[in-house]
Amino acid sequence: TECSPPTAAANVSQYACLRRTTTENHNKIFTDVLEELAENSEFNESKGPCLAFRRAASVLKSLPSAVHCLGAIQGLPCLGEHTKAVMEEILIFGRSFKVEEVQSDERYQALKLFTSVFGVGPKTAEKWYRRGLRSLKEILAEPNIQLNRMQRAGFLYYRDISKAVSKAEAKALRSIIEETAHWIAPDSILALTGGFRRGKEYGHDVDFLLTMPEMGKEKGLLVRVIDRLRDQGILLYCEHQGSTVDMSKLPSRRFEAMDHFEKCFLILRLEEGQMEGDGGLQKDPGESRGWRAVRVDLVAPPVDHYAFALLGWTGSRQFERDLRRFARKERGMSLDNHALYDKTKKLFLPATSEEDIFAHLGLEYVEPWQRNA
Ligand code: CTP
Ligand code: MN
Ligand code: MN
Ligand code: MN
């Protein structure tokens, strides 16, 4: 059948911050495969191909309808030869042989499994693979492997943490942490960020920002919140990082670099009775023990950095990458989780809201639920 490019294709930007991407993905059959190929490239330290696959997936996620033929992707940015070949396979055979080859690869399987453990990155996973280890059982049985505290927690709560967190669970956690924070400081502000702020139904964790309306008053708050969660018996694991904000430094060019805000990576115990709408009943009395472990990220920026922290922690990762790339390439500015710096004018551009930051960049405001790039 005749298949012409959609007229909209010409208007799709190469930058995710100039696209609107909701959680409704009409091209999941392509993007799932492309993201798996990106992950494989990451394991092989092929940065170029990894980024290319991620960008391609992101462009497809922004389309208002499903792609039914190769003609429909003509004129779209970021779709290279490899991506087009993969899409052609899927369109013709309903499957991708290239991704099936990757999925059946022993090394890919092992690295994917190992990095699914909280605290295990690609480097550690690779080390274990090279030692001939292939399963989580083998790692736990290997006497010469020294797990750090985070990895021990990762193994201990592996089943729970691997299970997606629902919106209802995120809401329940929000109430608990908010109540705890208000008990310590009644005017403290807790905001949901990450995937749930973007409207996602499920996440791998729940992300929050915690701050005080008055500058400097946030100091010591996070530690007191953590102590209180511990006293309540719901703190299963806590990795606390003190603030290292150094404003003399210019915004970092490296996206993956950690920001300098005080933060903690937590595992919390969520009672099923605390869930709204289930009447305190266990869904499956046979299997459920009445609670689950959940990963929570809690970041405590000072209020003068709040807008940048909120924008940076709302994601998606691809949206953030492209915001920074757009700032750098199109505006001669440098953006990170702390600040926006105009390199031509040699000055920092202040902001009290996300809208301010988009305006400084000369971008139309993109709502959080449109940032699922
Ligand atoms: N982020 C960051 N610095 C980190 C970790 C995360 O700036 N050290 C930001 C990223 O921009 C990311 C957002 O925080 O998009 C949330 O991170 P994460 O929880 O990993 O991803 P989500 O988008 O929330 O997706 P998920 O549902 O898998 O949690
Ligand atoms: Mn998250
Ligand atoms: Mn994530
Ligand atoms: Mn997170």
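An unreviewed UniProt entry lists the protein chain under the name DNA nucleotidylexotransferase, with Oncorhynchus mykiss as the source organism. UniProt lists a comment for the protein chain under the heading Subcellular location (unreviewed entry), and it reads "Nucleus".

### Here's the deal with the packing of helix α1 (residues 28–43) against helix α3 (residues 81–93)
Two elements in contact, α1 and α3, have axes whose closest approach is 10 Å; the angle formed by their N-to-C orientations is 135°. Our classification of the angle between α1 and α3 gives oblique. Along this stretch, α1 crosses α3, giving a crossing that reads as right-handed. Seen from α1, the contacting residues are Ile-29, Phe-30, Val-33, Leu-34 and Leu-37; seen from α3, they are Thr-83, Val-86, Met-87 and Ile-90. Residues belonging to the contact of α1 with α3 are distributed by class as follows: eight nonpolar, one polar and no charged.

### Describing α1
Spanning 16 residues, α1 covers 22 Å between terminal C-alpha atoms, matching the ideal 22 Å at 1.5 Å per step. In the core, the buried residues of α1 are packed alongside α2 (47–61), α3, α4 (97–103), α5 (106–115) and α6 (122–130).

### Digging into helix α12 (residues 221–231)
Three- or four-residue spacings in an α-helix give side chains the same orientation, since the helix completes a turn every 3.6 residues. All of the buried residues along α12 are Leu-222, Val-225 and Leu-229. Projected down its long axis, α12 carries its buried residues within an arc of 60°, all on one side. Across α12 from its buried face, at more than 90 degrees, point the exposed residues Arg-230 and Asp-231. Buried positions along α12 lie against α10 (167–184), β4 (206–211), β5 (235–241), β6 (262–271) and β7 (291–300).

Conventions adopted
- Residues numbered from 1 in each chain as written.
- Chains lettered and ligands numbered in written order.
- Predicted model: local features only at pLDDT ≥ 70, side-chain atom pairs only at ≥ 80, totals over all residues.
- UniProt positions renumbered as here; feature names shortened; annotations may be inferred.
- Axes fitted to C-alpha atoms, helices over the stretch in contact; angles between N-to-C directions.
- Helix = DSSP H or I, 4+ residues; strand = E, 2+ residues; numbered from the N terminus.
- Parallel < 35°, antiparallel > 145°, perpendicular 65-115°, else oblique.
- Left-handed = near helix turned anticlockwise from the far one by under 90°.
- Contact = placed C-beta atoms within 7 Å.
- Nonpolar A, V, L, I, M, F, W, Y, C, P; charged D, E, K, R; others polar.
- Expected span 1.5 Å × (residues − 1).
- Buried ≥ 20, exposed ≤ 12 C-beta atoms within 10 Å, placed from the backbone.
- Arc of directions from axis to C-beta.

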